[in-house]
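Secondary and tertiary structure notes
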2 protein chains.
Amino acid sequence: MEKITLNLHGSFIEENELKRIKPEIMAAQKSLLNRKGVSSEMTGWLDYMYRIEKKEYEEIKTAAKYIKENSEAFILLGIGGSYLGAKAAIEAVRGDFHNELLSPQVYYAGLNLSGAYLKKLIRLVKEKEISIIVISKSGTTLETALSFRIFRELMEEKYGEESKNRIFVVTDKNKGALKSMSELKGYKTFVVPDDIGGRYSVITPVGLLPMAAAGLDIDKFMEGLKSGAEEYSDRNFESNACLLYAAARNILNRRNKEIEIFVNYEPSCTSIAEWWKQLYGESEGKEGKGIFPASLNFTTDLHSMGQFVQEGRKILFETTLSIENSQDDMEVPFDSNDFDRLNYISGKTFNYINSKAFEGTFMAHKDGNVPGIIITVPKMDEFYLAKLFYFFMMSCGISGYTIKVDPFTQPGVEAYKKNMFRLLGNKEKI
Amino acid sequence: MEKITLNLHGSFIEENELKRIKPEIMAAQKSLLNRKGVSSEMTGWLDYMYRIEKKEYEEIKTAAKYIKENSEAFILLGIGGSYLGAKAAIEAVRGDFHNELLSPQVYYAGLNLSGAYLKKLIRLVKEKEISIIVISKSGTTLETALSFRIFRELMEEKYGEESKNRIFVVTDKNKGALKSMSELKGYKTFVVPDDIGGRYSVITPVGLLPMAAAGLDIDKFMEGLKSGAEEYSDRNFESNACLLYAAARNILNRRNKEIEIFVNYEPSCTSIAEWWKQLYGESEGKEGKGIFPASLNFTTDLHSMGQFVQEGRKILFETTLSIENSQDDMEVPFDSNDFDRLNYISGKTFNYINSKAFEGTFMAHKDGNVPGIIITVPKMDEFYLAKLFYFFMMSCGISGYTIKVDPFTQPGVEAYKKNMFRLLGNKEKI
């Protein structure tokens, strides 16, 4: 088993800077691991993979098997942490165009309020054999609850009594609208633990059920989490990549680098960045603090945002996710005419060329005074993806404690909801 | 015909600030319209829609008709400005899940170096009836040229001699590898004009051919461009939305708002933001200047990045694209059980609820001291989308001249390419 490695050689960070921040990082790690920091009651994700009930875990597999065997497609209803982790994992592991190449298909709803989106999705799935996974801790998240009302109706029309076997609910253990409705209707339910917030919930049934339903190997995923927990709980600053990442981004932020760009070179990994943005943005973006998390897909976006990164305002640093061994590859064929003059790289693989593009970009951005951090993953499978998730989650908790915010709350998310419920005339919610 | 309107009421911008910046904006507009500014030889987009050759325009329609009638799918090969505008338009007009609901399907390639992506795309399309549109001014852009070598081979295997009728090339009028290859092979070619750069090229065959092939009405699109040119060339600062947008973003940037977030509430409009990012990022991000362009999709991302916007570092302002009349809609059904307690909004449409979410979010972010600009489009069809493109292009040119950069070059894009070609051992390119 290989490690996920962190490379700071292009970060312009000096030894003495690391030395200076080390006590802060170590103190933050200690608070986190000893569960003495703020909101420590929300750090259940630290060891959840050791604690998950065997029965719950087996039932996830049973439900997933049922979904796979009885559905051409399943629709995941959920917003924020209730879909981002699963979507990232499903795309990264199943690969590009997975919905066109693999079964079951996976669609997402309950994550916006667009009538057009929902109407078209229904047109698309209504003739297929489908199942529904609905995920909401409270059961009252408007986007998800509204879409579920629509889909519940559709499922009852389509399947009658059988519809209850095709609807799976992930929600609070005891309370909430989804829980009570599930009891009345007979839906199978899974638990969103009380001690794990949305953006850390990919390691719970929130992530596990849709991943398993999409054919991912969740045993390997759980192994990856355990490997991460073991490795990143280490208290040696210099050899723990997780601590060094937290240190590096805070050093850069203190030098007025306001934006961290998550870069990847594989289109199938695009949604990992979306998950990462929620994790860091929601954990750190409070009390006027935080690094703005953005993402770019290279080489694609070198032809759109590359100019800004190279020569624009010097407020950025880049964190590149590099995958050593790609799932799949192709060779550049030889062409006897060589009209396009590409024969000098015929016989080379695309992934080799992509890696050279990465090297060239990294050097160019370094020359442009953009600090770069490289996170290298041996390959993108369930094991390493889980380990990467854990790496980021642990590092985020430490980083949040380092800047003295509560990384486990999201008070600012309520502001728009309150206004919205008032405008909609909801008397219970205002 | 209604106008695209600009609302600055949530921007915290005061009358006297607008007055102060007005002379700069007016001077920039004058330079642009009189073609006296830097790189004025690259402002052909200002009036291209009046100058396009009738023959070229008709041939675009003929080619599009051929593609539609003979293909289940077409693949657009191109990177940066060679695909972003067309993709934005196709998605915004055809709507969500268009590839699953409408014909022909549209796929994109030649925009990255991932072997996995290309291999899976080929697996996906090889049994379908397909056509290819390849777009590259120089003909030597590595990403596009490599993919084209692969697809050319595939097309020749699949269709033999007939393949030449299924390959359409948009490139330089006279020179370059793609042009000479097309002459030898007998591919139909269209012209990327010399006086229009990639990020302004959506109004040329670069955008028009794929749009038309995807079934969009390019006559309406051209009308929208003309309407934009007429309206936004007006020299009245106070009534020209295009000038006011350029003014507003520069006022905010001078107050140290470093990031502009392009917000939309319709998933089908997501790619408009990608096009906009290239336009502004590549035009302004130079000489250490520029506003970092980012994008969020609401209400989706309120559950990931909403916390940061509301309470994080105060370096942001938001520009929201609001669409008055959506393509499609659904009503919230009444449910006699009301388990989910949503009956208070039964009978309301999703788009009504979405508009209330927008109002509530806008107020919340204003309360959080995040300046907001609203751009309202009556509806999202070919006419208004073209007018919106023109609005942003004109405003971008003016904004670039205002901050004294050359908005029509992209010198920084070469840096990574040079390194990459050296690493790949290309002796011609280094």
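Residues numbered from 1 in each chain as written. Chains lettered and ligands numbered in written order. Predicted model: local features only at pLDDT ≥ 70, side-chain atom pairs only at ≥ 80, totals over all residues. Heavy atoms only, no water.

Rotating chain A by 180 degrees about the axis while translating it 0.0 Å along that axis superimposes it on chain B, leaving an RMSD of 0.0 Å. Between the two chains, the operation in question is that of a two-fold axis. Minimal C-alpha separation from the rotation axis in chain A is found for A294 of chain A, amounting to 3.6 Å. The residues that chain A uses at the interface reappear at the interface of chain B in 100% of cases, marking a shared surface. (Least-squares fit on C-alpha atoms with pLDDT ≥ 70 in both. Contact = heavy atoms within 4.5 Å.)

With that out of the way, let us pick up the sheet that holds strand 5 (residues 167-171) of chain A. All names here are of chain A. Pairing is parallel across the open sheet formed by five strands, whose spatial order is 3-2-4-5-6. Only two strands of the sheet have a single partner each, and these edge strands are strand 3 (105-109) and strand 6 (188-191). In this sheet, neighbouring strand axes are inclined to one another by 20 degrees on average, regardless of whether the strands run parallel or antiparallel. Examined bridge by bridge, strand 4 (residues 130-135) and strand 5 share four bridges and lie parallel to one another. Along strand 5, the bridge assignment pairs V134 with V169. Docked against the sheet, helix 3 (residues 54-70) engages strand 2 (73-77), strand 4, strand 5 and strand 6, running at close to 135 degrees with respect to strand 6. (Pairing = 2+ DSSP bridges. Helix = DSSP H or I, 4+ residues; strand = E, 2+ residues; numbered from the N terminus. Axes fitted to C-alpha atoms, helices over the stretch in contact; angles between N-to-C directions.)

Here we come to the interface of chain A and chain B. Contact with chain A, which involves 120 residues of that partner, is made by 120 residues of chain B. Interface area, chain A with chain B, both sides summed: about 10,600 Å², of which 65% is carbon and sulfur. The largest share of the area that chain A buries against chain B comes from R149, F292 and H303 of chain A, three residues that together contribute 8% of it. At the boundary of chain A with chain B, the tally comes to 14 salt bridges. Per element, the largest residue contribution to the side of chain A that touches chain B is 12 residues, and it comes from helix 14 (residues 350-367) of chain A. Of the residues assigned to the side of chain A that touches chain B, the class counts are 56 nonpolar, 32 polar and 32 charged. (Buried area = accessible area lost by both parts, 1.4 Å probe. Salt bridge = Lys/Arg side-chain N within 4 Å of Asp/Glu carboxyl O. Nonpolar A, V, L, I, M, F, W, Y, C, P; charged D, E, K, R; others polar.)

So, about the packing of helix 10 (residues 218-232) of chain A against helix 15 (residues 382-402) of chain A. All names here are of chain A. Across the interface, helix 10 lies against helix 15 with an axial gap of 7 Å and an inter-helix angle of 40 degrees. Overall, the two elements helix 10 and helix 15 adopt an arrangement that is oblique. The handedness of the crossing between helix 10 and helix 15 comes out as right-handed. Across from K220, F221, E223, G224, L225, S227, G228, A229, E231 and Y232 in helix 10, the residues of helix 15 making contact are E382, F383, A386, K387, F389, Y390, F391 and M394. (Parallel < 35°, antiparallel > 145°, perpendicular 65-115°, else oblique. Left-handed = near helix turned anticlockwise from the far one by under 90°.)

The next point concerns the sheet that holds strand 7 (residues 259-264) of chain B. All names here are of chain B. In space, the five strands of this open sheet follow the order 1-10-9-7-8, with mixed pairing throughout. Strands at the two margins of the open sheet, each flanked by one partner only, are strand 1 (5-10) and strand 8 (292-297). Taken pair by pair, the neighbouring strands of this sheet meet at an average axis angle of 25 degrees, ignoring direction. Across six bridges, the pairing between strand 7 and strand 8 is parallel. Looking at strand 8, one finds that V263 is bridged to L296. Its contacts with the sheet put helix 14 (residues 350-367) on strand 1, strand 9 (316-325) and strand 10 (372-379), and the angle it makes with strand 10 is roughly 165 degrees. In the packing of helix 15 (residues 382-402) onto the sheet, the strands contacted are strand 1, strand 7, strand 9 and strand 10, and the crossing angle to strand 10 comes to about 150 degrees.

Right, let's get into the packing of aromatic side chains. Under the defined criterion, the tally for this structure stands at 54 aromatic pairs over all chains. By way of ring pairs, the aromatic residues F221, Y232, Y245, F262, W275, W276, Y280, F389, F391 and F392 of chain A are connected into one cluster. Here R152 of chain A stacks its cationic end above the ring of F148 of chain A, 4.9 Å away from the centre of that ring. Lying over the aromatic face of F190 of chain B, K188 of chain B brings its terminal NZ or CZ to 5.3 Å of the ring centre. (Phe/Tyr/Trp six-rings, centres within 6.5 Å; stacked < 30°, edge-to-face > 60°. Lys NZ or Arg CZ within 6 Å of the ring centre and 35° of its normal.)

A few words now on the side chain of E91 of chain B. Inspection of the secondary structure assignment puts E91 of chain B in helix 4 (residues 84-94). Once residues within four sequence positions are removed from consideration, E91 of chain B is found in contact with H98, S268 and S271 of chain B.

The next subject is the environment of M330 of chain A. By the element assignment, M330 of chain A lies in the loop between strand 9 (316-325) and helix 14. Relative accessible area serves as the criterion here: at 19%, M330 of chain A is assigned to the buried category. For the pair M330 of chain A and E161 of chain A, spaced 169 residues apart in sequence, the C-alpha separation works out to 49 Å. Residues within four places of M330 of chain A in sequence aside, it is in contact with K348, T349 and F350 of chain A together with G115, L118, K119, I122 and I150 of chain B. (Buried < 20%, exposed > 50% of the residue type's maximum accessible area, 1.4 Å probe, protein only.)

Given a rise of 1.5 Å per residue, 15 residues ought to cover 21 Å, and the 21 Å separating the end C-alpha atoms of helix 10 (residues 218-232) of chain B matches this to within 8%. Residues I218, F221, M222, G224, L225, S227, G228, A229, E231 and Y232 of chain B constitute the buried set of helix 10 of chain B. (Expected span 1.5 Å × (residues − 1).)

We now examine the environment of N165 of chain B. Residues and elements named next belong to chain B. Within the element layout of this structure, N165 appears in the loop between helix 7 (142-159) and strand 5 (167-171). Judged by its relative accessible area of 35%, N165 falls in the partly exposed class. C-alpha separation for the pair N165 and S40, spaced 125 residues apart in sequence, amounts to 37 Å.

Turning next to the state of the cysteines. All names here are of chain B. Using the criterion set out here, one finds zero disulfides over all chains in the structure. With no disulfide of its own, C242 lies closest to C396 among cysteine sulfurs, the gap being 10.0 Å. The exposure class assigned to C242 is buried, which follows from its relative accessible area of 0%. Looking at C396, the relative accessible area reads 0%, which means it is buried. (Disulfide = S-S within 2.5 Å.)

Time to look at the packing of helix 9 (residues 205-213) of chain B against helix 10 of chain B. Residues and elements named next belong to chain B. Across the interface, helix 9 lies against helix 10 with an axial gap of 10 Å and an inter-helix angle of 145 degrees. Touching L208, M211 and A212 of helix 9 are I218, F221 and M222, all from helix 10. Class assignment of the residues belonging to the contact of helix 9 with helix 10 gives a composition of six nonpolar, no polar and no charged.

Residues and elements named next belong to chain B. Along helix 8 (residues 177-185), the positions that sit buried rather than exposed are A177, L178, K179, M181 and S182. Buried residues in helix 8 make contact with strand 4 (130-135), helix 7, strand 5 and strand 6 (188-191). A positive backbone phi angle near 85 degrees is found at G186, which sits one or two residues after helix 8.

Applying the stated criterion across every chain yields a total of 73 salt bridges over all chains. For the salt bridge of E161 of chain A with K164 of chain A, the shortest nitrogen-to-oxygen distance reads 3.7 Å. With its nearest N and O atoms 3.4 Å apart, the salt bridge here joins K119 of chain B to D328 of chain A. One end of the pair, K119 of chain B, is in helix 6 (residues 115-125); the other, D328 of chain A, is in the loop between strand 9 and helix 14, on a second chain. Salt bridges here are not isolated pairs; linked through shared partners, they connect R149 and R152 of chain A together with D335, D338 and D340 of chain B.

Our focus in this paragraph is the pairing of strand 3 (residues 105-109) of chain B. A large share of strand 3 of chain B lies buried, amounting to five of its five residues. Neither face of strand 3 of chain B is left uncovered, since the one carrying Q105, Y107 and A109 of chain B and the one carrying V106 and Y108 of chain B both have all their residues buried.

Across chain A, the average pLDDT comes to 97, with 99% of residues at or above 70. In the predicted assembly, ipTM is 0.97 and pTM is 0.98. (pLDDT = per-residue confidence, 0-100.)

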